[in-house]
Amino acid sequence: MRAGSRGVGRRRRVALVLAVAMTHGACDATPGPPTTSAPSPSIDATQLPVDSIADPGTGPSPTPGPSAGTPVEGDLAGYWRVQESADAAAPVALVGSLGRQTFAVYRIEPTCGDEPCASLRVTVLLPSYSARIREYTLTRRGRRYATADTARDAGPCLTPGGASVPGGARISERTSIWLETVARAGTAVTTVELRGEIVLAGDPTASGDAAGCEPWATRYALSGSPTGAPQDGGVEPPPTIAPAAADLVPRPEIRLAVKGATVDWFPVTGRTVQGLLASVAAGGLKACGRISYEWYRGDTRPSGCMSTDWKTFKVIAAYQSGGACRLDVTRITAAYVVRLPRWTSPARVPAPLAKWWRATVTFIRDHEAGHVAIGLRWVKKLPGLLDGKACPKLESIMGSWAAGLQKAQEAYDADEYEAAWPPAPAGY
């Protein structure tokens, strides 16, 4: 009986160590079984303008701290160029993983004819006005406007050692804005500018708990000055070539397969290259999360992704006659899911745009197929690494294996992210 009880206890420990090892190796840790994922390259910066650090002399006051001024009445309606500055005390690994824009354009629309109003609608755009980042409604509270705590997609958490765990926390967000009189240093000039703050908080998910994460909160100070409205309204500019009726074809219904994986699709819409790319970026962010490589400096919204879930992991602790414990591998398999964009609207589109879209989706699919192939090769190695090894070595073997897999996937991305995307048709 004692020997039997001892064997059961060891088997439970094996399972626990496995879960911890695989969680640390995850790129996309959603609640449930240990999971890994690899992002596809973000939208090509030559096709979809992305944020960059602007010259502080041309934008709002640099690096604002928490405002100590008094809110004033005034008109918030219009476009504002806004700097979002993270709390200097926030951990660098956390702030880097959140993937916030440093500069953005806020389009503010009152819900009444004359301010102050009961509420405001805010659309946050890229500095180029080319795509929406987020939208929300703020309710008036005195001279300030604020949102309630709003749930967002999963985000990062931090381990006790300071490492970021993507997908390790459920994120909530609260935003408040107001107008404030600002005196310029060294002059008698005062201006009315936008001020505010964004408070982000993370509550660890199951994978975050497994990695040892604690709840966290950080603040972003907002500082903004008025900016002009774009001539085209800031969202999906019309094509420069008006398509003739004969140029329109049915929107392509693309069905693509990935060897060794199932394909899941997220919807995108648009009538132009720019509109489609903006929709892919938004849909990829929702379906896959953000790209979190430290070396990557492009748009962090992926165009697709691959995730890995353990299908079977039958590894038991086998005790020999002398009392030694050895790992006995029965079966190890993994299931792969590739997430790709599917164009769902409008029904008829310009023929050059349809041709470009087919090439673009195939390009994204081919990239993700490479991630699947790497995963299949590495999982195939695992039984040989574990079978017959001493039970206490499970954790170190799994840790080394997971680190090697992550390194291989990251090296693949570093090479692939340099590849040229299919050229967009001129004028669309």
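Here, every reference points to the structure presented above.
Residues numbered from 1 in each chain as written. Predicted model: local features only at pLDDT ≥ 70, side-chain atom pairs only at ≥ 80, totals over all residues. Heavy atoms only, no water.

**Q** I'm lost on the packing of aromatic side chains in this one. Help?
**A** One pair of aromatic rings is described through two measures. These are the centre distance and the angle between the planes. Summed over all chains, the structure comprises 10 aromatic pairs. When the centroid spacing of 6.0 Å and the interplanar angle of 50° are considered together, the rings of tryptophan 295 and tyrosine 417 count as tilted. One end of the pair, tryptophan 295, is in the loop between α4 (273-288) and β14 (305-319); the other, tyrosine 417, is in the segment after α6 (394-416), with 122 residues separating them in the sequence. A residue is classified by how much of its surface remains accessible, and tyrosine 417, at 15% relative accessible area, is buried. Seen from their ring centres, tryptophan 356 and tryptophan 357 are 6.2 Å apart, and the 55° between their planes marks the pair as tilted. (Phe/Tyr/Trp six-rings, centres within 6.5 Å; stacked < 30°, edge-to-face > 60°. Helix = DSSP H or I, 4+ residues; strand = E, 2+ residues; numbered from the N terminus. Buried < 20%, exposed > 50% of the residue type's maximum accessible area, 1.4 Å probe, protein only.)

**Q** I keep staring at the pattern of salt bridges and nothing clicks. Help me out?
**A** As a working rule, side chains carrying opposite charge can pair if their charged atoms are close by. Here the structure, examined in full by the defined rule, presents 11 salt bridges. A salt bridge links glutamate 84 to arginine 134, with the shortest nitrogen-to-oxygen separation between them at 2.5 Å. Within this pair, whereas glutamate 84 is found in strand β3 (residues 78-86), its partner arginine 134 is found in strand β6 (residues 132-141), the two being separated by 50 residues in sequence. The buried category is assigned to glutamate 84, whose relative accessible area is 4%. By relative accessible area, arginine 134 is classed as buried at 16%. Here glutamate 197 makes a salt bridge to arginine 219, at a shortest N to O gap of 3.0 Å. Remark: arginine 219 occurs in strand β11 (residues 216-227) and glutamate 197 occurs in strand β10 (residues 190-204); sequence separation between them is 22 residues. Classification of glutamate 197 by relative accessible area gives partly exposed; the value is 25%. Connected through shared salt-bridge partners, Glu73, Arg140 and Arg143 make up one network. (Salt bridge = Lys/Arg side-chain N within 4 Å of Asp/Glu carboxyl O.)

**Q** Mind showing me how you'd approach the pairing of β10 here?
**A** Taken residue by residue, a regular strand's side chains alternate between the two faces of the sheet. Examined bridge by bridge, strand β9 (residues 164-183) and β10 share 15 bridges and lie antiparallel to one another. Paired with glutamate 180 across the two strands is glutamate 193, which belongs to β10. Across nine bridges, β10 lies against β11 in antiparallel orientation. Following the sheet pairing, valine 199 is matched in β11 by arginine 219. (Pairing = 2+ DSSP bridges.)

**Q** Is there a simple way to explain the state of the cysteines in this structure?
**A** Chemically, a disulfide is nothing more than a covalent bond linking the sulfur atoms of two cysteines. With the rule as written, the count across this model stands at four disulfides. Shown here is the disulfide that connects cysteine 112 with cysteine 117, its sulfur atoms set 1.7 Å apart. In this structure the cystine formed by cysteine 112 and cysteine 117 twists about its S-S bond by roughly -80°; its chirality is therefore left-handed. Take cysteine 112: its relative accessible area is 31%, and that puts it in the partly exposed class. According to the relative accessible area criterion, cysteine 117 is buried, its value standing at 3%. Paired through a disulfide, cysteine 288 and cysteine 305 show a sulfur-sulfur distance of 2.2 Å. Disulfide cysteine 288 to cysteine 305: torsion about the S-S bond roughly -75°, handedness left-handed. Placement of the pair is cysteine 288 in helix α4 and cysteine 305 in strand β14, with a sequence separation of 17 residues. We note that cysteine 288, like cysteine 305, is buried. (Disulfide = S-S within 2.5 Å.)

**Q** Even after reading the chapter, I still don't get α6, so can you show me in this structure?
**A** Because the α-helix completes a turn every 3.6 residues, residues three or four places apart line up on one side. A rise of 1.5 Å per residue sets the reference length of α6, with its 23 residues, at 33 Å; its end C-alpha atoms lie 33 Å apart and thus fit the reference within 8%. What α6 keeps buried is the set Leu394, Ile397, Met398, Trp401, Ala402, Gly404, Leu405, Gln409, Tyr412 and Asp413. (Expected span 1.5 Å × (residues − 1).)

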